[in-house]
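Structural description and commentary
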Amino acid sequence: MNGGKNRYVMLMASLPPHSADFLATRYPPVSAIQLQKRLAWLSPEHAADLNRIQSILYWSESVEETDAEFLQHAQAGLQQIDNCYLKAIILWRLQLRTLVAAMRQKHHQPQQQVSMQMLAMTPFARDILRNWQLPDFGLRYRFPWINDIDALIQQESYLALEKYLLKLIWRYYAQQSQGHYFDFEAVVVYVLRWDLVNRWNQQHGQTARQRFVEIMQRQVEEAV
Amino acid sequence: MVDFIIVLLGWSGLYAPMALGAIGSTIGCATAGQAAIGALLDSETGHGRLVGVSAMPSSQVIYGIVIMFTLQRAINPDNAPAIFAIGLLSGLALMISAIYQGRCCASAISAAKAKPEIFGVSIAPAAIVEGFAVFAFIFALVVSAGIPQGAV
């Protein structure tokens, strides 16, 4: 009787709630060390699933991978996760990432369409390619926020775009967490939201500039 | 043989409110208790009341015991069906209310540890669930008054 909906009552009750306005918070609700201690209560299977989800969605840690390698890695991870709810969350995130990447590419290289391989994680690949000239790829009825993202890319307001995307993802996670309070799904959503807060709080202008220079140097060296 | 089965069902019905109430209270208190233990790790004060709330689902087993004693009489084929029906259905109602009350209490504990000022309001849903258990208890007592006393 200790499974299913109430499996992680103690774990979830031991975690402080997230703030409603995460962009205004200066620290995550719980430290990384404390969070890891609590996550040690997960069953081995769930801990492995959480690791797989993190390895797919924390793409800042897989920056060295090529698109093809990342896709292979993501598809292999998804196949091993036996939970439709979590798969849907992962696919939504990958889909959002793909759409934003396609819109960025269109903004910078309007004549060069993205490859089918890059669109492999979205079921709207054909719509994107067919409607490449449209600002919203003809997807605004399915994704009402797509025009806002396009406007921010056109204005090259990248900080505002980052905030918009984080808020969008935050709201999506909040919607998905409805009905999941003490189960594994609740734990996963909590950790993903924690990551958003943590990522936002780690934004640092100087570090970003340094990283940008490093990436540029690497690209130049590769090109030479 | 038929009489034996009917009497057996009667005895099952007699013990059902207590047994099912105990199962429900066990699950409910365990769920809420785990939430209370988790909340202790994330709160500095108010530990006593958090643990106290986790005991709310224990009332169902007490109602079950009272119903069991109210139904208790010499069981024969005349009164066994009534004892079975009232005992089983009231027991199920108590068990389910205890399980769900445990979930309400776990949510209340989880919310109140982060926002102590909502403690009172947060246990209202658990109190409402308790109300349904009380209905099942009271009307089991009322209806059981009509069951014929068996010859000893």
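All figures in this text were calculated on a predicted structure; none of them were measured in a lab.

What about the overall build of chain A?
Within chain A, the secondary structure is distributed over 10 helices and zero strands. Beginning at the N terminus, the succession of helices and strands in chain A can be written as α-α-α-α-α-α-α-α-α-α. Its C-alpha atoms give chain A a radius of gyration of 19 Å, within 12% of the compact-globule value 17 Å for 224 residues. Taken over 224 residues, chain A has a buried fraction of 21%.

Topic: unusual backbone geometry
Residue and element names in this part refer to chain A. Its identity is not glycine, yet Phe137 carries a phi of approximately 55 degrees, on the positive side. With a phi close to 55 degrees, Glu156 is a non-glycine residue in the positive phi region. On the secondary structure map, Glu156 appears in the loop between α7 (146-155) and α8 (158-176).

Observations regarding the nonpolar core
Counting residues in each nonpolar core, the largest one holds 66 residues, and the members touching the most others are A:Tyr8, A:Met12, B:Ala32, B:Ala35, B:Cys105 and B:Ile109. The element contributing the most residues to this core is helix α4 (residues 80-114) of chain B, with 16 residues. Discounting residues that sit within four places of it in the chain, A:Tyr8 has contacts with A:Phe182, A:Asp183, A:Phe184, A:Ala186 and A:Val187. Ranked by size, the runner-up nonpolar core spans 11 residues in total, among them A:Val114, A:Ile128, A:Phe137 and A:Ile146.

Focus on helix α5 (residues 84-108) of chain A
Residues and elements named next belong to chain A. Between its first and last C-alpha, α5 extends 36 Å over 25 residues, near the 36 Å set by a 1.5 Å rise per residue. Taken as a whole, α5 has its buried residues at Leu86, Ile89, Ile90, Leu94, Leu96, Leu99, Ala102, Met103 and Lys106. Of the surrounding secondary structure, the elements contacted by the buried residues of α5 are α3 (44-57), α4 (67-80), α6 (125-130), α7, α8 and α9 (184-201).

A short note on the confidence of the model for chain B
A residue-level look at chain B finds 98% of positions with pLDDT of 70 or above and a mean pLDDT of 92. We note a pTM of 0.80 for the whole complex and an ipTM of 0.76 for its interfaces.

Quick notes on the interface of chain A and chain B
Every contact between the two is made by 13 residues of chain A and, on the other side, 15 residues of chain B. The class makeup of the residues in the side of chain A that touches chain B is 11 nonpolar, two polar and no charged.

Rules used in this analysis
- Residues numbered from 1 in each chain as written.
- Chains lettered and ligands numbered in written order.
- Predicted model: local features only at pLDDT ≥ 70, side-chain atom pairs only at ≥ 80, totals over all residues.
- Helix = DSSP H or I, 4+ residues; strand = E, 2+ residues; numbered from the N terminus.
- Rg over C-alpha atoms; globule rule 2.2 N^0.38 Å.
- Buried ≥ 20, exposed ≤ 12 C-beta atoms within 10 Å, placed from the backbone.
- Core = buried A, V, L, I, M, F, W, Y, C linked by C-beta atoms within 7 Å.
- Contact = placed C-beta atoms within 7 Å.
- Expected span 1.5 Å × (residues − 1).
- pLDDT = per-residue confidence, 0-100.
- Nonpolar A, V, L, I, M, F, W, Y, C, P; charged D, E, K, R; others polar.

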